[in-house]
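So you can see what is in the structure, the chains are spelled out below.
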Amino acid sequence: CLLQSVWLFILRKVITRMPNLDISGWQRVRPASKRVVIWGAGDQFRVNWPILVSQKVQVVAFIDQTPNLTSPVQDIPLFGTLNEFLCSQKDIAKSDIGSVICIGNPYSKERVEFSNLLAQEGFNPISFADDTSLIRESVVFDFGLQVMPSVLIHNDVRIGSNCIVNTSALIE
C-alpha cells in the first residue's frame, strides 16, 4: 500500500507539472449538490470532511442516533432522528440538498437503508472522490460513491450504489 501511495503521489506530481501531457481518459467525480445532510457524525465523517471541504460542499445538518453525541462541526446542528431533522427543515428546498451517508463497514446494510430513507424524502445521495484519486473514464458507478485519497480505479470497473472505496485502494 505504501508503494502504491508513493506511485500515485509521483504520478500526480508529474501530471500537474507537464501542461502539454495528454491526461485524457481519467475522470473527476464531483458532487451534484453543493449542500448536503450527512447521516453519521463519527469516524467515516472525519475521513470525508476534508474531501467535502475541498470540493466546497456545505453541510447543513447531521443525523446520528448515537446517544450523547455532539456535532463534530461547530454551528452545524446534529439531530438524533430523521424525523427531528425533517421537522426542523420544513421550509427548505429539498431539491437543492443532497445526502452523504458516513457509515463505514461493517454497517453497509444500514448505509443503504439510511440512504434510501433520505432519498425518499428528496435528499438524493451525492458521489464524490478525493482529488488525489485516479479513476478511468470507463469506470461506471451508481449513486452515493465515496472515493477516499490515493485510490486507483482501472478500466471497465463497475461500482454499485452507496459504496466507499477506502484510502489507497486499487481496483482493477
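Check the entry above for the structure.
Residues numbered from 1 in each chain as written. Predicted model: local features only at pLDDT ≥ 70, side-chain atom pairs only at ≥ 80, totals over all residues. Heavy atoms only, no water.

Caption draft 1: Summary view of the overall build of the chain. Broken down by element type, the chain carries four helices and 13 strands. Relative to its 172 residues, the chain shows a buried fraction of 42%. For the chain, long-range pairs separated by at least 24 residues make up 53% of all intrachain contacts whose partners lie at least 6 apart in sequence. About 9,600 Å² of surface is accessible on the chain, with carbon and sulfur atoms providing 53% of the total. (Helix = DSSP H or I, 4+ residues; strand = E, 2+ residues; numbered from the N terminus. Buried < 20%, exposed > 50% of the residue type's maximum accessible area, 1.4 Å probe, protein only. Contact = heavy atoms within 4.5 Å. Areas by Shrake-Rupley, 256 points an atom, 1.4 Å probe, with all protein chains shown as cover.)

Caption draft 2: Representation of the sheet that holds strand β7 (residues 134-136) within the structure. On the basis of which strands lie adjacent, the open sheet formed by four strands has the order β1-β7-β10-β13 and mixed pairing. Each edge of the open sheet carries a strand with a single partner, namely β1 (26-27) and β13 (170-171). Bridge count between β7 and strand β10 (residues 152-153): two bridges; the pairing is parallel. Its bridge partner being in β10, Leu134 is matched across the sheet by Leu152. (Pairing = 2+ DSSP bridges.)

Caption draft 3: Structural context of the layout of surface pockets. By volume, the largest pocket is sized at about 230 Å³. Contributing to the lining of the largest pocket are 13 residues, with Gly40, Asp64, Gln65, Thr66 and Ile103 lying nearest its centre. Taken together, the residues of the lining of the largest pocket break down into seven nonpolar, four polar and two charged. (1 Å grid on protein atoms, 1.4 Å probe; cavity = no way out; pocket = protein on both sides within 12 Å on 5 of 7 lines; lining within 4 Å. Points joined across faces, edges and corners; volume = space filled by probe spheres on them. Nonpolar A, V, L, I, M, F, W, Y, C, P; charged D, E, K, R; others polar.)

Caption draft 4: Region of interest: the nonpolar core. Ranked by internal contacts, the top residues of the largest apolar core, which has 17 residues, are Val36, Ile38, Phe62, Val100 and Phe128. Going through the elements one at a time, β2 (35-39), α2 (43-54) and β3 (58-63) are the ones with two or more residues in this core. Grouped together as the second largest cluster of nonpolar side chains are 15 residues, Trp39, Val60, Phe79 and Leu82 included. (Core = buried A, V, L, I, M, F, W, Y, C linked by side-chain atoms within 4.5 Å.)

Caption draft 5: Seen up close, the sheet that holds β2. Taken together, four strands build an open sheet; the order of strands is β4-β3-β2-β5 and the sheet is parallel. Either end of the sheet is taken by a strand with one partner, and the two such strands are β4 (78-79) and β5 (97-101). Relative to β4, β3 runs parallel, the two sharing two bridges. Bridge pairing in β4 places Phe62 opposite Leu78. The strands touched by helix α4 (residues 108-120) are β2, β3 and β5; relative to β5, the strand with the most contacts, the crossing angle is about 170°. (Axes fitted to C-alpha atoms, helices over the stretch in contact; angles between N-to-C directions.)

Everything listed here is a matter of geometry and, on its own, says nothing about what the molecule does.
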